[in-house]
Amino acid sequence: MKQYDVVIVGAGAAGLMCAIEAGKRGRKVWLIDHSKKIGEKIRISGGGRCNFTNIHAAPNAYLSQNPHLCKSALSQYTQQDFIEMVEKHRIKYHEKKLGQLFCDVTAQDIIDMLLKECEEARVHISKDTAVEDITKDSEKYVLTTTQGMVKAESLVIATGGLSIPKIGATKWGYTIAKQFGHDLVETRAGLVPLTFTDEILGFCKALTGVSVDAVVTCGKTSFAEGMLFTHRGISGPSILQISSYWKEGDSITINLAPHCDAKAYLTDKQKSQPKQEIHNSVAEIVPARLAELICEQHNVKGRIAEISRKNIEKLATAINNWQVKPNGSEGYRTAEVTLGGVNTNDISSKTMESKLQENLFFIGEVADVTGHLGGYNFQWAWSSGYVAGQYV
Ligand SMILES: Cc1cc2nc3c(=O)[nH]c(=O)nc-3n(C[C@H](O)[C@H](O)[C@H](O)COP(=O)(O)OP(=O)(O)OC[C@H]3O[C@@H](n4cnc5c(N)ncnc54)[C@H](O)[C@@H]3O)c2cc1C
C-alpha cells in the first residue's frame, strides 16, 4: 500500500494552495481530483479572467454561522501574499472596480502558476481519480481510491461546494464530514440570480437585457451595484450579492434610482416642464424602456402637469422603493457559491483541523464560510488552504 504524509481530495483553489504549502515543508503530498481537468472553477471564474482576490478582503465580507472562524486564516495569508505570488509569476492583472483584481489575459495564468508551484514543491497530482472509501486505523487514514489503496497521516477535504455540478461539484465532502462526526450547516445556492413566477416575471422578461444601477436591500443588508433584468427574473452584481442574504419567503426592496428622490424630481418637473410626457420624465432617471413599463404597469400616462399627486407618489415608490418577493433562485446550476457546509464550530480557526478527528482538515468552500462577490471566495480558498498547509 502506498504511503503519503498528506492526501488532499479536491484539486481546486484551496486544495492546490494547501498542496503547495505542505509540499514546501517537505511533506509527501498526493493531490487528487475526480475531474479530468484541474482547477476548472478557476478557469471559468471571473468571466474567464479570474477575479483572484480583493484588495479589501476582510472578515466582514464573509457569511458563516461562526463569523470568527475566517479571521485567523485571512490574517495568516492575506490578499497581499497572494498578489506577491501572482507578481512573482509575472502575471499581468488589473483592478476592475471595488478592489476586485482580475488577470489581464486569462484565468489559465492562475492555474498554470499553481501547477508550477505544485511541481516545484514535488506534489504528486492525479486527475480522474475518485475516493471510494475512507477508514481510519489507529493513526492513519486508509483510502480506497480508483488507483488503489493508500495510507495518509493527514487527510484534507477540499472538495468545494455544490455549485455547477456539470464541472465536478459533489456533496462528497459533506458525506465524509458526517462520517467523521461533523455537523453540517444547511446548504443553499449563493451569489445566484433570483427568479419570479408571478406578474413580475412578465415585467422582467419584457426588460431582458436592461441594466440599471440599483441599491438592493434584504433585511438590514444592502448592496449598491448594477442590476440586470433577465428572462427568468433579476441578476447582476447587486442581486447576486443580496441573494446570499435572501431566504425563501423574504421580500427585497430595490431602489432603481438611488441618486434621485423620484417624488421630489417629478414634482419639480410638473412645474419646470409641464408639457413633458410622464414616461419621458421618468426616463430621465431610469432607462427609457424601464420608465415606459413602470408607467404602463401603474397605468399612468399623459403630460406630467396633469398627473395627480397620488400617481406621482405611486411612480416614485415603484422607482425608489420597489418591493418584490422572488419565488426562488436559479439554484446550483448557475450559483457561484454554496452557503452553509461543514459547521465551523468544530474546526480550529488557527489550523483548519477538525476538533473531532486528529489530522483531518476542511478547507475552502466545503466549510461554512462564504464570501461576497468580488474575489473574496478565492481569497478564502487561498487563506484556508495556506493555513492547513502549515499543519498537515
Ligand atoms: C461561474 C463561477 C465563477 C466564479 N468566479 C469567482 C471569481 O471570479 N472570484 C472568486 O473569488 N470566486 C469565484 N467563484 C467562486 C470560487 O470559484 C469558489 O469559491 C472556489 O473555487 C472554491 O474553491 P475550493 O477549492 O473550495 O473548491 P473548488 O474550486 O470548487 O474545487 C473543488 C474540487 O474538488 C473536486 N471534487 C469534488 N468532489 C470530488 C470528489 N468526490 N472526489 C474528488 N474530487 C472532487 C472538484 O472537481 C474540484 O476540482 C466563482 C464560482 C463560479 C461557479
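Numbering of residues starts from 1 in each chain and follows the order in which that chain's sequence is written. This being a predicted model, a pLDDT of at least 70 is required before a residue's local features are given, and a value of 80 or more before pairs of side-chain atoms are given or counted; all residues contribute to the totals for chains, interfaces and linings. Just so you know, side-chain values use all the structure's heavy atoms and leave hydrogens and water out.

(A) The sheet that holds strand β17 (residues 322–324), seen in detail. Pairs of strands are assigned from DSSP output, requiring at least two bridges between the strands. By definition, any uninterrupted DSSP run of H or I lasting at least four residues is a helix, any uninterrupted run of E lasting at least two residues is a strand, and each is numbered from the N terminus. Read across the open sheet, the seven strands follow the order β17-β16-β13-β14-β15-β12-β18; overall the sheet is antiparallel. The open sheet is flanked by β17 and β18 (328–329), the only strands paired with a single partner.

(B) Here's a closer look at the domain arrangement of the protein. Along its sequence, the protein is carved into domain 1 (2–188 + 338–391) and domain 2 (193–329). Where each domain starts and ends comes from a domain assignment, either automatic or drawn from a database. Using C-alpha coordinates to define each centre, domain 1 is positioned 40 Å away from domain 2. At the junction of the two partners, domain 1 supplies seven residues and domain 2 supplies ten residues. For the pair domain 1 and domain 2, the summed buried area comes to about 730 Å², and 51% of that belongs to carbon and sulfur atoms. As a working definition, buried area equals the accessible area (1.4 Å probe) given up by two parts on being put together, with both sides summed. When residues of domain 1 are sorted by the area they lose upon contact with domain 2, Arg188, His372 and Leu373 head the list and together hold 60% of the total. In the sections that follow, a salt bridge refers to a side-chain nitrogen of Lys or Arg positioned within 4 Å of a carboxyl oxygen of Asp or Glu. At the boundary of domain 1 with domain 2, the tally comes to one salt bridge. Between Lys97 and Glu225 there is a salt bridge; the shortest N-O distance is 3.3 Å. We define a polar contact as two N or O atoms separated by no more than 3.5 Å, with the added condition that, inside protein, one atom must be a possible hydrogen donor and the other a possible acceptor, whereas residues neighbouring each other in sequence contribute only through side-chain atom pairs. Linking domain 1 with domain 2 are five residue pairs in polar contact (both at pLDDT 80 or more). Three residue categories are used. Nonpolar comprises Ala, Val, Leu, Ile, Met, Phe, Trp, Tyr, Cys and Pro, charged comprises Asp, Glu, Lys and Arg, and polar comprises the others, including Gly. For the side of domain 1 that touches domain 2, the residue count by class is four nonpolar, one polar and two charged. Only heavy atoms enter the contact rule, under which two residues are in contact if any of them lie within 4.5 Å.

(C) Expanded view of the environment of Asn343. Within the element layout of this structure, Asn343 appears in the loop between β19 (337–342) and β20 (360–362). Any residue under 20% of the maximum accessible area for its type is buried, any over 50% is exposed, and the rest in between are partly exposed; the area is computed with a 1.4 Å probe on protein chains only. Exposure remark for Asn343: the relative accessible area of 9% places this residue in the buried category. Remark: the alpha-carbon pair of Asn343 and Ser64, spanning 279 residues in sequence, is separated by 8.7 Å.

(D) The arrangement of the pattern of salt bridges in detail. For the coordinates displayed, the defined rule picks out 14 salt bridges. Between Lys263 and Glu313 there is a salt bridge whose closest N-O contact spans 3.3 Å. Separated by 50 residues along the polypeptide, Lys263 in helix α9 (residues 262–272) and Glu313 in helix α12 (residues 309–320) bring together distant segments of the chain. Taking the relative accessible area as the measure of exposure, Lys263 reaches 38% and is therefore partly exposed. In this structure, Glu284 and Lys269 form a salt bridge, with 2.8 Å as the shortest nitrogen-oxygen distance. With a gap of 15 residues between them, Glu284 in the loop between α10 (278–282) and α11 (288–297) and Lys269 in helix α9 connect regions that are remote in the sequence. When its relative accessible area of 39% is taken as the criterion, Glu284 is described as partly exposed. By relative accessible area, which is 8% here, Lys269 ends up buried. In this structure, a network of salt bridges that share partners links the residues Asp5, Arg27 and Glu153.

(E) Main features of α9. When α9 is considered as a whole, its buried residues turn out to be Ala262, Leu266, Lys269 and Gln270. Along α9, the residues classed as buried sweep out an arc of 105° about the axis, all on the same side. Of the exposed residues in α9, those oriented more than 90 degrees away from the buried face are Lys271 and Ser272. The directions considered for the arc run from the helix axis to the C-beta atoms.

(F) Examining the site of the ligand more closely. When at least one non-hydrogen atom of a residue lies within 4 Å of a molecule or strand, that residue is treated as near it. Close contacts around the ligand come from 29 residues, with Ala14, Asp33, Thr170, Glu365 and Phe378 the closest. With respect to the ligand, the side chain of Asp33 contributes an N or O atom lying 2.5 Å from an oxygen atom. Between the ligand and the protein, one listed contact pairs an oxygen atom with a side-chain N or O atom of Ser35 at 3.0 Å. Out of a free accessible area of 1000 Å², the ligand has 93% covered by protein chains. For the shell around the ligand, the element with the most residues is helix α13 (residues 376–391), which contributes four residues. Each accessible area is a Shrake-Rupley result for a 1.4 Å probe, and residues are judged covered by the shown protein chains and nothing else.

(G) Molecular detail of the packing of helix α1 (residues 13–24) against α13. Inter-axis angles, ranging from 0 to 180 degrees, are taken between N-to-C directions of lines fitted to C-alpha atoms, where helices are fitted over the stretch in contact. Where α1 meets α13, the axes come as close as 7 Å, and the angle between the chain directions of the two elements is 30°. Accordingly, the angle class assigned to the pair α1 and α13 is roughly parallel. As for how α1 packs across α13, the hand of that crossing is right-handed. Contacts between α1 and α13 involve Ala13, Ala14, Met17, Cys18, Glu21 and Ala22 from the first element and Phe378, Ala381, Trp382, Gly385, Tyr386, Ala388, Gly389 and Gln390 from the second. Of the residues in the contact of α1 with α13, the class split is ten nonpolar, three polar and one charged. Relative orientations are named as follows: roughly parallel for angles under 35 degrees, roughly antiparallel for angles over 145 degrees, roughly perpendicular for angles from 65 to 115 degrees, and oblique for any other angle. Crossing handedness is defined as follows: a turn of the near helix away from the far one that is anticlockwise and smaller than a right angle gives a left-handed crossing, while the clockwise case is right-handed.

(H) Highlighting the side chain of Ser348. With respect to the secondary-structure elements, Ser348 resides in the loop between β19 and β20. In this structure the side chain of Ser348 is engaged in a polar contact, spanning 3.2 Å, whose partner is the backbone nitrogen of Lys350. Here Ser348 is in contact with Leu69, Glu353 and Lys355, once residues within four sequence places are set aside.

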